[in-house]
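# Chain and residue survey
The primary structure of each chain is shown beneath.
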Amino acid sequence: AAPRVVVIGGGFGGASLARALRREDPGISVALIEPNAHYTACPLSNAVIAGLRDMKAQHFGYAGIEADGITHVPQRAVRVEPEQRRVVLADEARLSYDRLVIAPGIDMRFDALPGYDASASQLMPHAWKAGEQTLLLRRQLEAMEDGGLVVISAPANPFRCPPGPYERASLIAHYLKAHKPRSKILILDAKDGFSKQRLFEAGWAALYPGMIEWVGLSFGGAVTGVDAGTRTLRTDFGEHRAMVANVIPPQRAGAIAALAGVADRTGWCPIDPVSFESRLVPNIHVIGDAAIGGAMPKSAFTANAQAKACASAVIALLRGRDPDEPKLINTCYSLLAPDYGISIAGVYTPQNGLLAEVGGAGGTSPLDAPASVRAEEAAYGEAWFQTITTEAFG
Ligand code: FAD
């Protein structure tokens, strides 16, 4: 019989992996478990929040995946029985596997920030999973009066999309500058530094002078609790009352990871950096945001790169070969305005059991660059989105 691979999660990681498996070895049977009829992509969703992009441009269906001969199982995986090598679905049906790949993305840790739970997120949206939350934050910004204070609270590392909160602040500023120019944005941060910081700060000074204030951990940036009813955010240094509050809470691997036994006490999933096999449960691999194992940032680019490397490793293992050592690339583009993009890139290889960054191989956009370079990078970011969504969803 054909070897069976079951994939949980049809996002950038799981969808890319399913297709890579079929491409590389059509003799393998692949089932993709994903409850949603279409995927809603996070990259460029900050442009939706800023009114620059239609939400429909974020939607991708699974017809392309099915056309590749992959079975889309439109259900939620609720349990894994590793001993029997079976995944249990919401309707209690079971799917057997030779190898299982788990790519469930993240869940918010609604136990981490006092006052911030699922119901509070209806008043103070996180908008860190694209969809209803994205549109809610958009509506709140539209309803806000000119002169209002928008507060964004950013979590400590690790979290999904390290430059994301700062891209969001930039694009919200772009909207406010045009429509509510007396408004301000305050970023309360649980860290003392962030991805592409000097590039963001230089861009903010040029594009939105005086509009965005960033407060790091040492200066009272860490939010210690919230009151959703009054949109108040507490820190050790005092309270901030927002007109619009975007609380991006601490995160962990999607819940199925813990249910399958592949998440450790940190909430993330330790993996072998060559095969992406779980360090905790054999025959289960974890890729994308849910995985940890070194320096790779949690991005769609990373999830796609890990998907391709993991697909090769899974095929090798199923066919009785040793997997090759992967070399993985990540690039993250961020928009500060529609025609102003910046990027950061890195290369990662297995080293001492972790995915380590290769020194001198990556870098960021130049700090001093003419407007034409920023415009080119904005266009590259858009082209990247086209490429990666076509690769993942067809
Ligand atoms: P996801 O894409 O979240 O996919 C997980 C899938 O698993 C979902 O479809 C979910 O429904 C499914 N699932 C979960 N649990 C189950 C279950 N029990 N059973 C079945 N299915 C399940 N990255 C970039 O590279 N570039 C960017 O510019 C960028 N911008 C971003 C901007 C924002 C505002 C945000 C929030 C993120 C951004 N990212 C960006 C990060 C990127 O979205 C994530 O890193 C990426 O989606 C991770 O892919 P994944 O496959 O691990 O998880």
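Our structure is the block above this text.
Analysis parameters
- Residues numbered from 1 in each chain as written.
- Predicted model: local features only at pLDDT ≥ 70, side-chain atom pairs only at ≥ 80, totals over all residues.
- Heavy atoms only, no water.
- Pairing = 2+ DSSP bridges.
- Helix = DSSP H or I, 4+ residues; strand = E, 2+ residues; numbered from the N terminus.
- Axes fitted to C-alpha atoms, helices over the stretch in contact; angles between N-to-C directions.
- Parallel < 35°, antiparallel > 145°, perpendicular 65-115°, else oblique.
- Left-handed = near helix turned anticlockwise from the far one by under 90°.
- Contact = heavy atoms within 4.5 Å.
- Nonpolar A, V, L, I, M, F, W, Y, C, P; charged D, E, K, R; others polar.
- Buried < 20%, exposed > 50% of the residue type's maximum accessible area, 1.4 Å probe, protein only.
- Salt bridge = Lys/Arg side-chain N within 4 Å of Asp/Glu carboxyl O.

## Section: the sheet that holds strand β17 (residues 244-247)
- Strand order in this open sheet of four strands is β13-β12-β11-β17, and the pairing throughout is parallel. With partners counted over all chains shown, the strands left at the sheet margins are β13 (212-215) and β17, one partner each. Along the sheet, successive strands turn relative to each other by an average axial angle of 15°, direction set aside.
- Pairing of strand β12 (residues 184-189) with β13, which is carried by four bridges, proceeds in the parallel orientation. Bridge pairing links Leu188 to Val215 in β13.

## Notes on the packing of helix α8 (residues 300-318) against helix α9 (residues 371-393)
- At their nearest, the axes of α8 and α9 sit 11 Å apart, and the two run at 40° to each other. It follows that α8 is oblique to α9 by the angle criterion. The two elements α8 and α9 cross, and the hand of that crossing is left-handed. Across the interface between the two elements, Ala300, Phe301, Asn304 and Lys308 from α8 touch Trp384, Ile388 and Glu391 from α9.
- Looking at the contact of α8 with α9, its residues break down into four nonpolar, one polar and two charged.

## Points about the pairing of strand β23 (residues 340-351)
- Among the twelve residues that make up β23, nine are buried, leaving the element largely enclosed by the rest of the structure.
- Here nine bridges tie strand β22 (residues 328-337) to β23, and the two strands are oriented antiparallel to one another. Across the sheet, the residue bridging to Ala337 is Tyr340, located in β23.
- Connecting the antiparallel pair β22 and β23 is a turn made up of two residues.

## Some details on the environment of Gly360
- When you line up the elements, Gly360 lands in the loop between β24 (354-357) and β25 (363-364).
- Taking C-alpha positions, Gly360 is 40 Å from Glu132, a pair spaced 228 residues apart along the chain.

## Quick look at the sheet that holds strand β6 (residues 77-81)
- Here we have three strands laid out as an open sheet, ordered β6-β7-β8, and antiparallel in their pairing. Single-partner strands in this sheet number two, and they are β6 and β8 (94-96). On average, each strand axis in the sheet is tilted by 25° relative to the strand beside it, whichever way the strands run.
- Both strand β7 (residues 86-89) and β8 contribute to a ladder of three bridges, which runs antiparallel. Across the sheet, the residue bridging to Val87 is Leu95, located in β8.

## What about the pattern of salt bridges?
- On inspection of all chains with the given rule, the structure shows 16 salt bridges.
- The salt bridge involving Asp25 is made with Arg319; its shortest N-O contact spans 2.8 Å. You can see Asp25 sitting in the loop between α1 (12-24) and β2 (29-33) and its partner Arg319 sitting in the loop between α8 and β22, a full 294 residues away along the chain.
- Between Asp289 and Arg160 there is a salt bridge whose closest N-O contact spans 2.6 Å.

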